[in-house]
Amino acid sequence: MKRDHQEICGATSYGSGSGSKSESSTISIPNKGKLWEEEQDAGGMDELLAVLGYKVRASDMADVAQKLEQLEMVMGTAQEDGISHLSCDTIHYNPSDLSGWVQSMLSELNNPATENLDPVLANSDSNSSILSQETGVRLVHTLMACAEAVQQENLKLADALVKHIGLLAASQAGAMRKVATYFAEALARRIYRIYPQDSLDPSYTDMLQMHFYETCPYLKFAHFTANQAILEAFATANRVHVIDFGLKQGMQWPALMQALALRPGGPPAFRLTGIGPPQPDNTDALQQVGWKLAQLAETIGVEFEFRGFVANSLADLEPEMLEIRPPEVEAVAVNSVFELHRLLARTGGIEKVLSSIKAMKPKILTVVEQEANHNGPVFVDRFTEALHYYSSLFDSLEGTGVAPPSQDLVMSELYLGRQICNVVACEGMDRVERHETLTQWRTRMEASGFSPVHLGSNAYKQASMLLALFAGGDGYRVEENNGCLMLGWHTRPLIATSAWQLATTESG
Amino acid sequence: MAGSNEVNLNECKMVVPLNTWVLISNFKLAYNLLRRPDGTFNRHLAEFLDRKVPANANPVDGVFSFDVIIDRSTSLLSRIYRPATAEEPQPNIVDLEKPVTGDIVPVIIFFHGGSFAHSSANSAIYDTLCRRLVGLCKAVVVSVNYRRAPENRYPCAYDDGWTALKWVNSRSWLQSPKDSKVHIYLAGDSSGGNIAHHVAARAVESGIDVLGNILLNPMFGGQERTESEKRLDGKYFVTLVDRDWYWRAFLPEGEDRDHPACNPFGPNGKSLEGIKFPKSLVVVAGLDLIQDWQLAYVEGLKKAGQEVKLLYMEQATIGFYLLPNNNHFHTVMVYDSVVLLLTVLLIPALLQALLGSAFSRFIDYRAWYLVKKWIELLKPGARAEQILQKNHNPEVMFAL
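- For chain B, an unreviewed UniProt entry supplies the name Alpha/beta hydrolase-3 and the organism Corchorus olitorius.
- Under the UniProt heading Sequence similarities (unreviewed entry), the entry covering chain B gives this text: "Belongs to the 'GDXG' lipolytic enzyme family."
- For the record of chain B, the UniProt heading Subcellular location (unreviewed entry) holds the text "Nucleus".

- By the naming in an unreviewed UniProt entry, chain A goes by DELLA protein and is assigned to Corchorus olitorius.
- Word for word, the UniProt comment on chain A under Function (unreviewed entry) is "Transcriptional regulator that acts as a repressor of the gibberellin (GA) signaling pathway. Probably acts by participating in large multiprotein complexes that repress transcription of GA-inducible genes."
- In the Sequence similarities (unreviewed entry) part of its UniProt record, chain A is described as follows: "Belongs to the GRAS family. DELLA subfamily."

## Some words on the overall build of chain B
Here is step 1: Counting its secondary structure elements, chain B contains 13 helices and eight strands.
Here is step 2: Taken across its 400 residues, chain B has 60% of its residues classed as buried.
Here is step 3: By sequence separation, contacts in chain B at least 24 residues apart represent 74% of the contacts at least 6 residues apart.
Here is step 4: As presented, chain B carries roughly 15,200 Å² of accessible surface, and 53% of it is formed by carbon and sulfur atoms.

## Quick notes on helix α18 (residues 438-447) of chain A
All names here are of chain A.
Here is step 1: Looking only at α18, the buried set comprises Leu438, Trp441, Arg442 and Met445. Burial along α18 is one-sided: seen end-on, the buried residues are contained in an arc of 105°. Opposite the buried face of α18, at more than 90 degrees from it, the exposed residues are Thr439, Thr443 and Ala447.
Here is step 2: Two residues or fewer after α18 comes Gly449, characterised by a positive phi angle close to 100°.

## Here we look at the side chain of Ser119 of chain B
Here is step 1: Structurally, Ser119 of chain B is set in the loop between β3 (106-111) and α4 (124-137).
Here is step 2: Relative accessible area serves as the criterion here: at 8%, Ser119 of chain B is assigned to the buried category.

## Structural notes on the packing of aromatic side chains
Here is step 1: With the rule as written, the count across this model stands at 26 aromatic pairs over all chains.
Here is step 2: Plain terms: the ring middles of Phe64 of chain B and Phe66 of chain B are 6.4 Å apart, the flat faces sit at 20° to each other, and that makes the pair stacked.
Here is step 3: Its relative accessible area of 6% is what places Phe66 of chain B among the buried residues.
Here is step 4: Residues Phe220 of chain B and Tyr297 of chain B carry aromatic rings whose centres are separated by 4.4 Å and whose planes lie at 20° to one another, so their mutual orientation is stacked. Of this pair, Phe220 of chain B sits in the loop between β6 (210-216) and α7 (227-232) while Tyr297 of chain B sits in helix α9 (residues 291-303); the two residues are 77 residues apart in sequence, bridging distant segments of the chain.
Here is step 5: An aromatic cluster of at least three residues, connected via ring pairs, comprises Phe183, Phe379, Phe383, Tyr389 and Tyr390 of chain A.

## Notes on helix α9 (residues 155-170) of chain A
Here is step 1: Between its first and last C-alpha, α9 of chain A extends 23 Å over 16 residues, near the 22 Å set by a 1.5 Å rise per residue.
Here is step 2: Along α9 of chain A, the residues classified as buried are Leu157, Ala158, Asp159, Ala160, Leu161, Val162, His164, Ile165, Leu167, Leu168 and Ala169 of chain A.

## Some words on the pairing of strand β7 (residues 476-481) of chain A
Within a regular beta strand, the side chains point alternately toward one face of the sheet and then the other, so they alternate between its two faces.
Residue and element names in this part refer to chain A.
Here is step 1: Note: β7 against strand β8 (residues 484-489), six bridges, orientation antiparallel. Considered in β8, the bridge of Asn481 is made with Cys484.
Here is step 2: Linking two consecutive strands that pair antiparallel, namely β7 and β8, is a turn of two residues; a positive phi of about 50° is found at Asn482 within it.

## Re the packing of helix α4 (residues 61-75) of chain A against helix α2 (residues 18-34) of chain B
Here is step 1: Contact pair α4 of chain A / α2 of chain B: the axes reach a minimum separation of 10 Å and the direction vectors enclose 30°. Classified by the angle between their axes, α4 of chain A and α2 of chain B sit roughly parallel to one another. Considering only the axes of α4 of chain A and α2 of chain B, their crossing is left-handed. On the side of α4 of chain A, the interface is formed by Met61, Ala62, Val64, Ala65, Leu68, Glu69, Leu71, Glu72 and Met75 of chain A, while α2 of chain B contributes Leu18, Asn19, Trp21, Val22, Ser25, Asn26, Lys28, Leu29, Asn32 and Leu33 of chain B.

## Some words on the UniProt feature "active site" (unreviewed entry) in chain B
Residues and elements named next belong to chain B.
Here is step 1: As recorded in UniProt, the feature "active site" (unreviewed entry) lies at Ser190.
Here is step 2: Along the chain, Ser190 falls in the loop between β5 (183-189) and α6 (191-206).
Here is step 3: Residues in contact with Ser190, not counting those within four places in the same chain, are Gly113, Gly114, Ser115, Leu216, Asn217, Pro218, Met219 and Tyr321.

## What to know about the nonpolar core
Here is step 1: Core analysis: the biggest nonpolar cluster contains 223 residues, and Phe183, Leu187, Tyr218, Phe270 and Phe383 of chain A together with Leu165 and Leu186 of chain B have the highest contact counts within it.
Here is step 2: Residues from two domains meet in this core; each of domain 1 (128-192) and domain 2 (202-371 + 435-451 + 496-502) of chain A gives at least three.
Here is step 3: Contacts of Leu187 of chain A, omitting those with residues within four sequence positions, involve Leu143, Cys146, Ala147, Val150, Val162, Ile165, Phe379, Phe383 and Val424 of chain A.
Here is step 4: In terms of nonpolar packing, the next biggest core, distinct from the first, is built from 26 residues, Phe309, Leu344, Ile350 and Trp441 of chain A among them.

## With respect to the environment of Lys181 of chain B
All names here are of chain B.
Here is step 1: Structurally, the position occupied by Lys181 is in the loop between α5 (156-169) and β5.
Here is step 2: Remark: the alpha-carbon pair of Lys181 and Arg171, spanning 10 residues in sequence, is separated by 9.5 Å.
Here is step 3: Leaving out residues up to four positions away in the same chain, Lys181 has contacts with Leu174, Gln175 and Ser176.

## Some details on unusual backbone geometry
Here is step 1: A cis amide bond, omega 0°, links Ala149 of chain B with the succeeding residue Pro150 of chain B.
Here is step 2: Relative to the elements of secondary structure, Pro150 of chain B occurs in the loop between β4 (140-145) and α5.
Here is step 3: A cis amide bond links Tyr154 of chain B to the next residue, Pro155 of chain B, at an omega of 5°.
Here is step 4: Looking at where Pro155 of chain B falls in the secondary structure, it is placed in the loop between β4 and α5.
Here is step 5: Unusually for a residue other than glycine, Glu323 of chain A sits at a positive phi of about 50°.
Here is step 6: By the element assignment, Glu323 of chain A lies in the loop between β3 (304-310) and β4 (331-337).
Here is step 7: By relative accessible area, which is 43% here, Glu323 of chain A ends up partly exposed.
Here is step 8: Despite not being glycine, Ser119 of chain B shows a phi value in the positive range, around 65°.

## Let's talk about the sheet that holds β5 of chain B
Working definition: the strands of a sheet are paired by backbone hydrogen bonds and lie parallel or antiparallel to each other.
Residues and elements named next belong to chain B.
Here is step 1: Judged by pairing direction, the sheet is mixed, and its eight strands sit side by side in the order β1-β2-β4-β3-β5-β6-β7-β8 without closing on themselves. Since the sheet does not close on itself, it has two edges, and those belong to β1 (63-71) and β8 (308-313), each with one partner. Across the sheet, the mean angle from the axis of one strand to that of its neighbour is 20°, orientation sign disregarded.
Here is step 2: With five bridges joining them, strand β2 (residues 76-83) and β4 adopt antiparallel strand pairing. Bridging across to β4, Tyr81 finds its partner in Val141.
Here is step 3: Lying over the sheet, α4 contacts β1, β2, β3, β4 and β5, oriented at roughly 40° with respect to β2.

Rules behind the numbers
- Residues numbered from 1 in each chain as written.
- Chains lettered and ligands numbered in written order.
- Predicted model: local features only at pLDDT ≥ 70, side-chain atom pairs only at ≥ 80, totals over all residues.
- Heavy atoms only, no water.
- UniProt positions renumbered as here; feature names shortened; annotations may be inferred.
- Helix = DSSP H or I, 4+ residues; strand = E, 2+ residues; numbered from the N terminus.
- Buried < 20%, exposed > 50% of the residue type's maximum accessible area, 1.4 Å probe, protein only.
- Contact = heavy atoms within 4.5 Å.
- Areas by Shrake-Rupley, 256 points an atom, 1.4 Å probe, with all protein chains shown as cover.
- Arc of directions from axis to C-beta.
- Phe/Tyr/Trp six-rings, centres within 6.5 Å; stacked < 30°, edge-to-face > 60°.
- Expected span 1.5 Å × (residues − 1).
- Pairing = 2+ DSSP bridges.
- Axes fitted to C-alpha atoms, helices over the stretch in contact; angles between N-to-C directions.
- Parallel < 35°, antiparallel > 145°, perpendicular 65-115°, else oblique.
- Left-handed = near helix turned anticlockwise from the far one by under 90°.
- Core = buried A, V, L, I, M, F, W, Y, C linked by side-chain atoms within 4.5 Å.
- Domains from an automatic or database assignment.

This is how it looks when you write it as structure tokens:
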């Protein structure tokens, strides 16, 4: 730095400022000295920063900037307890070495030396809810940032963020913590390409769904509303045939059978065809369910027939296999609870199945699906949707927190957690949890030649009463939506039941 | 919550050079670590992380510096920067407080920024800035190491500024030989700009003459959330959350941001009408989220009938004056130099020589008028080069 200040006004040479994109002119102080022309000395250090006490090699500048960005993402701007250990417990060294200092903080955040993650929370109850709220917001933003990073294939950043999500999640309680943990796990799987295998024992997933059935009203609502529609469709029939696209443990059917048994004029003959995936141990799970239902049918005096069909995918079914009888002989109802969306994973799947259904000439088709769009083409959008959806769902499971979490609850969470994993971590044919909204399904059904069958106020009222029986009805809401019924948590609809008939069918 | 940062990191990278981005981001990062949610400040870590430089009585680039204790009771230190003269290129200890030479020597009392909580007079960034000011303005710079929040709230910083002003005003070695008066200017960036305003107001009340205020991105605020605050929150290194934290740390407990320290032209402010407030040059960065408050400050001065010039730098972010690698830096530095040169040195001296001392008041006004003309010419543009050329050619200037 050899400039003599007296030359500043006297000189007539002009350099230009470095790197600025300002629209202003290239006015600059005359450039006699090295200071502005070259910003590096022999050691390659950025001279401007060196003057201010920071040693950064010019060649490292972009890398330091990137690390600062990473740290910024991870720390954010909110005052949060999660990073307070960086200021309280971490020992900082040599702040002049910017690159090293920033790196050491990144490492510290990824592998915290201290176990006390939120000393401020621990010490100050009065601050805890504010901090927790801020951390919660921070958590959501970090999850989003991680999804963005994954989408942009910035896996280094995504990796740093996913670790930090774990930290933040640990400082939360309840639903938020669980949701964040599941999403973080799913993101991690996606980043490290450790995709979950879907080849789990179906009896295990059935078991998880059983627990989910017990814990919360969603499945009960699904079965109840679908059964209402089927009952009404079967009003005058003497022989009825229900084709269940996902029999599982057959929990929907006892209620229908009992309602049929109580029909004025006596029950119709009831045939049930249950479809399910192959079992790894070759046990005939479907037959076992059929057997149990047969026993129930006998006790309530309903003529009962059962057939089980094993299929990897509903698209593998041909209507002929099901031995459909003509409509004047037997009224057919096709029932799909959380099954149709899986067909969207392969091209032609849903079209094939819908046309098969039409070939079965059903009196009614009942469809229950998750009310969310988890099938968008853009990863971040899917991620955001899913985050909101499952946050509501987990929130509804949380209950009053008075009783200790039951096994049912834990299993239910696992059940949902697997869905989360599939939505976030999988792609292509493996991603089967391709939920779409009622609006989307409506469009598809109508385009495929179905017309809606409206669920009426009686169904609505009974569904509401059912809800009141379970979980005190707090927070759960039934909504009517253009002839369909939705069950939601507070203002967020979570599942939707709709009913369909062939478009050319006339009533009666 | 404010717009997420992910998107905006890219935006703010595009308006500043990379090393500036790294510098300011580093400060942002460090400052986030230092502010605690409960309003306390990690002072030890702050001092550890702050890059400081010692005073240097050996001239570097023609500027030497030394530290003085202005007030023992509060340990108030100031760092004085002086130009090395041709006659005394290597000052020794007795020369440090040698009387200034030259007809008129501006003395700039500088208050460093840091939102009332960060930095010191011996912080590297401010030491560097003050050194530049010496060269550009041919001035003595007195950088005040005022007490900081949250350990020392309002009005400590203002009291320290006032103490420094009185001290400077009473130094015989700082008197300009021409009129045996100390020609005082107050300057500051961020919180320093705020301090400069309040010290100037106090000076007026007490009859000490301050010739001009130079406020760089001055820190003002108010209870209301202005449009610029909402629009720029989180977008260029600064968030509302951190601004609020600093005001809570500085203002008396229980006070809100309409306290006159924060909002001098707000509901609790005192009118400046009819008083001889110094002329002000206010520099506002177009990407600073508190610009609406800074612009309101300018309007407030105008409405009170005070002389004020606004220099609005559209694409500038906070801290643009810390590194000389952008056009805004140069524009402001030239402004400062021209303003001071014209108002202080050349025109009054020349005109007075021609017209005699009876016209000294008139000269003042004329000088300011000419400055205004210069300022209009001095917008970022090719014209500025002409100005520089004209700058050292008095005949050409006279032609104006």
